[in-house]
Amino acid sequence: MNWEQLLSLKRQGDTSKRLRVEQDDTRLGFEVDYDRIIFSAAFRSLQDKTQVIPLSKTDFVHTRLTHSLEVSVVGRSLGRLVGKKIIEKYPHLKEVHGYHMNDFGAIVAAASLAHDIGNPPFGHSGEKAIGEYFSIGNGLKYKDQLTAKQWQDLIDFEGNANGFSVLTASRPGIEGGLRISYATLGAFMKYPKESLPKKPTQNIADKKYGFFQTDKSFFEEVAKDMGMIVNKTGDDIGFERHPLAYLVEAADDICYTIIDFEDGINLGLVSEDYALEYLIKLVKDNIGVAKYKTLTTKEDRISYLRALAIGTLINDAVNVFVENEEAILDGKFPFALTDKSKYKAQMDDIIKLSVDKIYQSREVVEKEIVGYQIIQTLLDKFITAFNNKYEGTASNYDKLLLKMLPEKHHLEKTNLYERLLHICHYVSLLTDGNALELFETINGRKNK
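Residues numbered from 1 in each chain as written. Predicted model: local features only at pLDDT ≥ 70, side-chain atom pairs only at ≥ 80, totals over all residues. Heavy atoms only, no water.

Novice: Whenever I open this one, the environment of Arg 11 confuses me. Can you help?
Specialist: For Arg 11, the location among the structural elements is in the loop between α1 (3-6) and α2 (29-38). Once you skip the residues sitting within four places of it in the chain, Arg 11 turns out to touch Arg 18, Gly 29, Val 32, Asp 33, Arg 36, Arg 179, Ile 180, Ser 181 and Tyr 182. Side-chain polar atoms of Arg 11 contact the backbone oxygen of Arg 179, separated by 2.6 Å. (Helix = DSSP H or I, 4+ residues; strand = E, 2+ residues; numbered from the N terminus. Contact = heavy atoms within 4.5 Å. Polar contact = N/O pair within 3.5 Å; in protein donor to acceptor, adjacent residues only side chain to side chain.)

Novice: How should the nonpolar core be read in this particular structure?
Specialist: What tends to happen in soluble globular proteins is that the nonpolar side chains get buried as a cluster. By size, the foremost hydrophobic cluster in this structure holds 95 residues, and its most contacted members are Trp 3, Ile 37 and Leu 337. If near-sequence neighbours (up to four positions away) are discounted, Leu 337 is found in contact with Tyr 246, Leu 247, Ala 250, Ala 317, Val 320, Phe 321 and Ile 328. Counting residues in hydrophobic clusters, the runner-up holds 37 residues, among them Leu 146, Leu 402, Ile 423 and Tyr 426. (Core = buried A, V, L, I, M, F, W, Y, C linked by side-chain atoms within 4.5 Å. Buried < 20%, exposed > 50% of the residue type's maximum accessible area, 1.4 Å probe, protein only.)

Novice: Where do I start with the packing of helix α18 (residues 362-391) against helix α21 (residues 432-442) in this structure?
Specialist: A pair of packed helices is characterised by two quantities: the angle between their axes and the separation of those axes. At a closest axis distance of 10 Å, the pairing of α18 and α21 adopts a crossing angle of 60°. The pairing of α18 with α21 is recorded here as oblique in orientation. Relative to α21, α18 is oriented so that their crossing is left-handed. Where α18 abuts α21, its residues Gln 373, Ile 374, Thr 377, Leu 378, Lys 381 and Phe 382 lie against Ala 435, Leu 436, Leu 438, Phe 439 and Ile 442. Its residues assigned to classes, the contact of α18 with α21 comprises eight nonpolar, two polar and one charged. (Axes fitted to C-alpha atoms, helices over the stretch in contact; angles between N-to-C directions. Parallel < 35°, antiparallel > 145°, perpendicular 65-115°, else oblique. Left-handed = near helix turned anticlockwise from the far one by under 90°. Nonpolar A, V, L, I, M, F, W, Y, C, P; charged D, E, K, R; others polar.)

Novice: It is not clear to me how the layout of surface pockets should be interpreted in this structure. Could you clarify?
Specialist: To find leftover empty space, one rolls a probe the size of a water molecule over the atoms. Counted as a void, the second largest pocket has a volume near 980 Å³. Looking at the second largest pocket, it is lined by 34 residues, and the ones nearest its centre are Ser 165, Val 166, Ala 169, Arg 171 and His 425. When residues of the lining of the second largest pocket are traced back to their parent elements, those giving at least two are α3 (41-44), α9 (159-168), α11 (216-225) and α20 (416-428). Here the element with the most residues in the lining of the second largest pocket is α20; it accounts for five residues. Of the residues contributing to the lining of the second largest pocket, the split by class is 15 nonpolar, 14 polar and five charged. (1 Å grid on protein atoms, 1.4 Å probe; cavity = no way out; pocket = protein on both sides within 12 Å on 5 of 7 lines; lining within 4 Å. Points joined across faces, edges and corners; volume = space filled by probe spheres on them.)

Novice: Looking at this structure, how should I read the packing of helix α13 (residues 272-283) against helix α17 (residues 344-359)?
Specialist: Running from N to C, α13 and α17 cross one another at 160°; their axes reach a closest spacing of 9 Å. Taken together, the axis directions place α13 and α17 in an arrangement best described as roughly antiparallel. The handedness of the crossing between α13 and α17 is left-handed. Counted together, Tyr 274, Tyr 278, Leu 279, Lys 281 and Leu 282 of α13 and Gln 346, Asp 349, Ile 350 and Leu 353 of α17 form the full contact between these two elements. In terms of residue class, the contact of α13 with α17 is made up of six nonpolar, one polar and two charged.

Structural data, given as structure tokens:
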């Protein structure tokens, strides 16, 4: 892979190449990506989607929106720091093509902003609830009518693949979705493969999948246009990662490791004594003892250590990337950057404590159970109604139910797989609050 090709400003539908040297620096294409994402309805809905604590009304607990904004900030720093090194190593990128270090930051910031845009309500249990509706729930009856890969898309419903659809799928009058630049889409594509074969290797790029069968042709077009390395044979499609996808992943890893931990501390799920012990292991080389001693509240002490920890991990991730840049370009770096961090043991300790004290806390478990019931009920009702309408057997109840669908979801789908995926997509874009309200309406329990 080469950087000039990987930093493509091309957008879906373009018939000619967009050159960096011809860009207006006051309205750079990669920055347009960021703007389009932040003004999208799918991004706004993240304000009422679970990060860790489902349906939490606690002010300081992160939602998917605040998490995504913070990942974007960290991603921008990672991109700029790496970009500075890349421009120094390959000066022709600036001298001939006009790229700047901030371009790297803009690409990673935009992709990071969108990294959770396809995630269903109620956190990762939302993905599992959709998958299990098909694998062991009422949706199992559709299995024999689908191809193996279509079925795998549903039973392993994946927020990353759904996010690619959100960013790129066309609908009448809206061709190409948000029309994000190929470089930003490449950085977004953490798992550039289809759902089968499942985990064929230990390569981090094969851990999950990155697109549904409906989006396969455009995904392949983006990857090939940027010169991403093919790593699957026959009828299976898969590529080595776009290098900047490693930075998006690192930004997410850094934020959820440190900031989810901070939420747990502020909620009282992790004691301050524990927290200080774990965080200080990360920042012991950088902590300002005099400054730290002036902080009189738990919130200020934790905030100070959190900022230091994030800065420490950013610098470490940049070092790992730069040291392995040539292997990454050759498609020979099958790890996450944090896997090779000198702080991996400390991060693993924090994640283990978060799992024990936060992710498996009673409050989280109880509300994830509620989320399962809500999502599977909505899927069952809307899929039944949507299929009955297509088959001409819709009851009056089905017709009433379909009136609840937003106008943009009133599309004709003649293919069963596309109908099932269409309703999954609709449910996935609901906020936690929307999903709960719709569930209560359907069950006749909505408060008047």
